Protein chains: 2
Amino acid sequence: MKYPSNSKKNYNKIIEYSNRGMNLEKIINEANKYYLDNNIALIYKKPTPVQIVKTNNNKITESFYKEKSTLDFVGLYKGRYIEFDAKETKQNYLPLSNIKDHQLLHIKKIIEHNGISFIIIHINKEYYLLNGEKIIDFINNNDRKSIPYDYIKENSKKLNYNYIKGLDYIKYLEV
Amino acid sequence: MKYPSNSKKNYNKIIEYSNRGMNLEKIINEANKYYLDNNIALIYKKPTPVQIVKTNNNKITESFYKEKSTLDFVGLYKGRYIEFDAKETKQNYLPLSNIKDHQLLHIKKIIEHNGISFIIIHINKEYYLLNGEKIIDFINNNDRKSIPYDYIKENSKKLNYNYIKGLDYIKYLEV
């Protein structure tokens, strides 16, 4: 496979190619670091919720993972509250089982309180930002157990990976 | 000690009295639950950050507490991002050693990005909400290693415990 060097279109293709299988959480964290370093936004991954069972001299001797009731990333952009999750699928659709009921309820609550909530989806080697409102719309108007690729494509912002900014998503948020 | 029953002032005294030694985190969580149940705000305590060292079949076999780099409570009120901490002191002042350097930096960042940050202080059996801006002002203009009670009293909103609403603080936020 050859990549002509003097074409922007093909350069983007190289990035896309080299990006295959790149960990979604990692490239979102790269963007968050870029936003922090450049004073654009303050967004971080929440700690994994862990249930502490036993401790001994402040050392944890027994604990287990708790199921998360909220979304993975939280933060602040131009005064506004942001909370979102990252989902990957190898299918040509996003199974709704990937979004737990309490997560969906949480997305609704955030929107009710005028916060910004969305999911970033890695599907068909592409990245999309799908607003919470669009997810709820889909669920309210469909009996399907998954969100098809076409719906995602038509109702999302397509995100591009950039080796400086990571998976740059913040510019698509309406604040 | 006697409490006349038909005086609002004295009734408040009873509440205050019965409230002695009440756990600060607990009464903030009570308020957060009230805000959630009554659709006023969406605020929660962050999970304790834990460093997972070893796992075995998704069971955590070794882990330890990580130092928190942010504040204890995070949330959303009328679209705005809120992050704050709770501090208790048995002295007539709040030792600045209670607020770690990285927490102070975080408060500054939140204010820069137009978020709302503050601390709730339990001091002299009273509760106060001190804005992040006032904390930074104090540190910038004093060489003292603690914030005296008088500064807190003069620059904060005094909070009251209410058996329905818990430690109601949200009404004092400027959104």
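Our structure's up above, just so we're on the same page.
All figures in this text were calculated on a predicted structure; none of them were measured in a lab.

Visitor: Where do I start with the interface of chain B and chain A in this structure?
Guide: Size of an interface, as often reported, equals the accessible area lost when the parts are brought together. In this complex, chain B contributes 32 residues to the contact, which on the side of chain A involves 32 residues. Counting the surface lost from both chain B and chain A, the interface buries some 2,900 Å², and carbon and sulfur atoms represent 62% of this. Our enumeration of links across chain B and chain A arrives at zero salt bridges. Of all the secondary-structure elements, those providing two or more residues to the side of chain B that touches chain A are strand S1 (42-45), strand S2 (50-56), strand S3 (59-65), strand S4 (73-77), strand S5 (80-88) and helix H3 (101-112) of chain B. Among the residues making up the side of chain B that touches chain A, the classes are represented as 16 nonpolar, ten polar and six charged.

Visitor: Explain the pattern of salt bridges to me, please; I cannot follow it from the model alone.
Guide: Opposite charge on two side chains permits them to pair, given that their charged atoms come into close proximity. One pass over the full model with this rule turns up twelve salt bridges over all chains. One salt bridge in this structure joins Lys 165 of chain B and Asp 168 of chain B, with 4.0 Å as the shortest N-O distance. Judged by its relative accessible area of 29%, Lys 165 of chain B falls in the partly exposed class. Here Lys 171 of chain B makes a salt bridge to Asp 168 of chain B, at a shortest N to O gap of 3.5 Å. Each of the salt bridges in this network shares a partner with another, and the network as a whole consists of Lys 165, Asp 168 and Lys 171 of chain A.

Visitor: For this particular structure, what's the right way to read the pairing of S4 of chain B?
Guide: Working note: regular strand, side chains alternate between the two faces of the sheet. Residue and element names in this part refer to chain B. S4 sits mainly inside the fold: five of its five residues count as buried. Residues Phe 73, Gly 75 and Tyr 77 point to one face of S4 and Val 74 and Leu 76 to the other, with burial holding for every one of them. As judged from the four bridges shared by S1 and S4, these two strands associate in the antiparallel manner. Bridge pairing in S4 places Ile 43 opposite Gly 75. For S4 and S5, the ladder comprises five bridges, and the chain directions are antiparallel. Looking across to S5, one finds that Gly 75 is bridged to Ile 82. Taken together, S4 and the strand that follows it, S5, pair antiparallel across an intervening segment of two residues, in which Lys 78 is found at a positive phi of about 50 degrees.

Visitor: Please clarify how H3 of chain B should be interpreted in this entry.
Guide: An α-helical segment advances 3.6 residues per turn. Residues three or four places apart therefore align on the same side. Residue and element names in this part refer to chain B. In a regular helix each residue adds 1.5 Å, so twelve residues correspond to 16 Å; H3 covers 17 Å between its end C-alpha atoms and thus fits that length. Residues of H3 that are buried include every one of Gln 103, Leu 104, His 106, Ile 107 and Ile 110, and no others. Viewed end-on, H3 has its buried residues packed into an arc of 160 degrees, placing them on one side of the element. Exposed and facing more than 90 degrees away from the buried side of H3 are Asp 101 and Leu 105.

Visitor: Honestly, the relation of the copies chain B and chain A in this entry has me stumped. Any pointers?
Guide: For the pair chain B and chain A, the best superposition has an RMSD of 0.0 Å and corresponds to a rotation of 180 degrees with a translation of 0.0 Å parallel to the axis. This pairing of chains is accounted for by a two-fold axis. By residue overlap, the copies meet face to face through one surface: 100% of the interface positions of chain B are interface positions in chain A.

Visitor: I tried to follow helix H3 (residues 101-112) of chain A on my own but got confused; where do I start?
Guide: Regarding H3 of chain A, the residues found buried are Gln 103, Leu 104, His 106, Ile 107, Lys 109 and Ile 110 of chain A. On its buried face, H3 of chain A sits against strand S5 (80-88), strand S7 (116-123) and helix H4 (132-141) of chain A together with helix H2 (24-37), S1 and S4 of chain B. Following H3 of chain A by one or two positions, Asn 114 of chain A has its phi on the positive side, about 70 degrees.

Visitor: Whenever I open this one, the nonpolar core confuses me. Can you help?
Guide: Side chains of a nonpolar character, in soluble globular proteins, are inclined to be buried together. In terms of nonpolar packing, the biggest core is built from 23 residues, with Ile 28, Phe 84, Phe 118, Ile 120, Leu 167 and Tyr 169 of chain A touching the most fellow members. Counting residues per element, the ones that place at least two in this core are helix H2 (24-37), strand S4 (73-77), S5, S7 and strand S8 (126-131) of chain A. In terms of residues, this core owes the most to one element, H2 of chain A, which gives five residues. Residues Ile 43, Ile 82, Tyr 127 and Leu 159 of chain B belong to the second largest nonpolar core, which totals 22 residues.

The rules behind each value
- Residues numbered from 1 in each chain as written.
- Chains lettered and ligands numbered in written order.
- Predicted model: local features only at pLDDT ≥ 70, side-chain atom pairs only at ≥ 80, totals over all residues.
- Heavy atoms only, no water.
- Contact = heavy atoms within 4.5 Å.
- Buried area = accessible area lost by both parts, 1.4 Å probe.
- Salt bridge = Lys/Arg side-chain N within 4 Å of Asp/Glu carboxyl O.
- Helix = DSSP H or I, 4+ residues; strand = E, 2+ residues; numbered from the N terminus.
- Nonpolar A, V, L, I, M, F, W, Y, C, P; charged D, E, K, R; others polar.
- Buried < 20%, exposed > 50% of the residue type's maximum accessible area, 1.4 Å probe, protein only.
- Pairing = 2+ DSSP bridges.
- Expected span 1.5 Å × (residues − 1).
- Arc of directions from axis to C-beta.
- Least-squares fit on C-alpha atoms with pLDDT ≥ 70 in both.
- Core = buried A, V, L, I, M, F, W, Y, C linked by side-chain atoms within 4.5 Å.

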